[in-house]
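Listed below, chain by chain, are the residues.
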Amino acid sequence: MRFINPIPFVRDIDRSKDFYQKRLGLKVLEDFGDFVLFETGFAIHEGSSLEETIWGKAIVAEEPYGRRNLLLYFEHEDIEAAFENIAPHVEMIHPIERQAWGQRVFRFFDPDRHAVEIGEPQSLLPGNAQKS
C-alpha cells in the first residue's frame, strides 16, 4: 500500500484553483471540472460533488470546510519571496517564524479556511545540507 495525497474539499473549485495557481504558483496537471490535480500531486475537489460520491448526497452547509484540524504543507526555496507574494492576499495565521526544529515557516488560511503552511526546504536547515 502507498499513500498518495489528501484531497481537501472546496466550496468553489474555480476560486480555489485560481488561489493555488496565482498565490502559490502551482501548475495544473489535469482539470476535470470538479477535481483539479496540480503537478506537485496536490489536488482539490469540489465538495458537493465529492460528498455526493462518498456519502450519496451533498451536505447542505455554508460553513467553511477548514476546521483547524488539517495543515496543508508546502515548501518554497525563497521563503521571503513567497511571503511577500502571498501575505497581502490571504488571512494570515502568523508571519515567518523560526520553529523549534530550526525551520522558518509562515501560515495562513486558504479560501475554504484550510490552514496552509509554507516552509523553507528541510535541506536548507543547518546540519541538513547535502554534502557534495
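Further up the page is the structure itself.
Student: Can you help me understand the overall build of the protein in this one?
Tutor: Across its full length, the protein carries three helices and eight strands. Walking the protein from its N terminus toward its C terminus, one meets helices and strands in the order β-α-β-β-β-α-β-α-β-β-β. Reported as C-alpha extents along the three principal axes, the dimensions of the protein are approximately 50 × 35 × 25 Å. By residue count, 41% of the 132 residues in the protein fall in the buried class. Considering only contacts within the protein whose residues lie at least 6 apart along the sequence, 51% involve residues at least 24 apart.

Student: Help me understand helix H3 (residues 79-86) in this model?
Tutor: One turn of an α-helix holds 3.6 residues; hence residues three or four places apart share an orientation. Among the residues of H3, Ile79, Ala82, Phe83 and Ile86 are the ones counted as buried. Mapping the buried residues of H3 onto a view down its axis gives an arc of 100°, with all of them on the same face. In H3, the exposed positions angled more than 90 degrees off the buried face are occupied by Glu84 and Asn85. Structurally, H3 contributes buried residues whose contacts are with strand S6 (91-98), strand S7 (104-109) and strand S8 (115-119).

Student: For this particular structure, what's the right way to read the side chain of glutamate 117?
Tutor: You can see glutamate 117 is positioned in strand S8. Residue classification places glutamate 117 among the buried positions, given a relative accessible area of 5%. Beyond its immediate chain neighbours, meaning those up to four positions away, glutamate 117 contacts Leu71, Leu72, Tyr73, Phe74, Gln103, Val105, Phe106 and Arg107.

Student: What am I meant to see in the pattern of salt bridges here?
Tutor: When charged atoms on two side chains of opposite charge get close, those side chains can pair. What the rule picks out here adds up to eight salt bridges. With a closest N to O distance of 3.1 Å, lysine 22 and aspartate 18 form a salt bridge. One end of the pair is lysine 22 and the other is aspartate 18, both in helix H1 (residues 13-22) and four residues apart, which spans about a single turn. Where glutamate 117 meets arginine 107, a salt bridge forms, and the shortest distance between an N and an O atom there is 2.7 Å. With a gap of 10 residues between them, glutamate 117 in strand S8 and arginine 107 in strand S7 connect regions that are remote in the sequence. Across the pair, exposure class does not vary: glutamate 117 and arginine 107 are buried alike.

Student: What is the right way to read the layout of surface pockets from this model?
Tutor: Empty space among the atoms becomes apparent when a probe as large as a water molecule is rolled across them. Computed from the structure, the largest pocket encloses a volume of approximately 220 Å³. As for the largest pocket, its lining consists of Arg23, Leu24, Leu26, Thr40, Phe74, Glu75, His76, Ala82, Asn85, Ile86 and Ile118. Elements represented by at least two residues in the lining of the largest pocket include exactly strand S5 (71-75) and H3. Among the elements that take part in the lining of the largest pocket, H3 stands out by supplying three residues, more than any other. The residue inventory of the lining of the largest pocket, partitioned by class, reads six nonpolar, three polar and two charged.

The rules we used
Residues numbered from 1 in each chain as written. Predicted model: local features only at pLDDT ≥ 70, side-chain atom pairs only at ≥ 80, totals over all residues. Heavy atoms only, no water. Helix = DSSP H or I, 4+ residues; strand = E, 2+ residues; numbered from the N terminus. Buried < 20%, exposed > 50% of the residue type's maximum accessible area, 1.4 Å probe, protein only. Contact = heavy atoms within 4.5 Å. Arc of directions from axis to C-beta. Salt bridge = Lys/Arg side-chain N within 4 Å of Asp/Glu carboxyl O. 1 Å grid on protein atoms, 1.4 Å probe; cavity = no way out; pocket = protein on both sides within 12 Å on 5 of 7 lines; lining within 4 Å. Points joined across faces, edges and corners; volume = space filled by probe spheres on them. Nonpolar A, V, L, I, M, F, W, Y, C, P; charged D, E, K, R; others polar.

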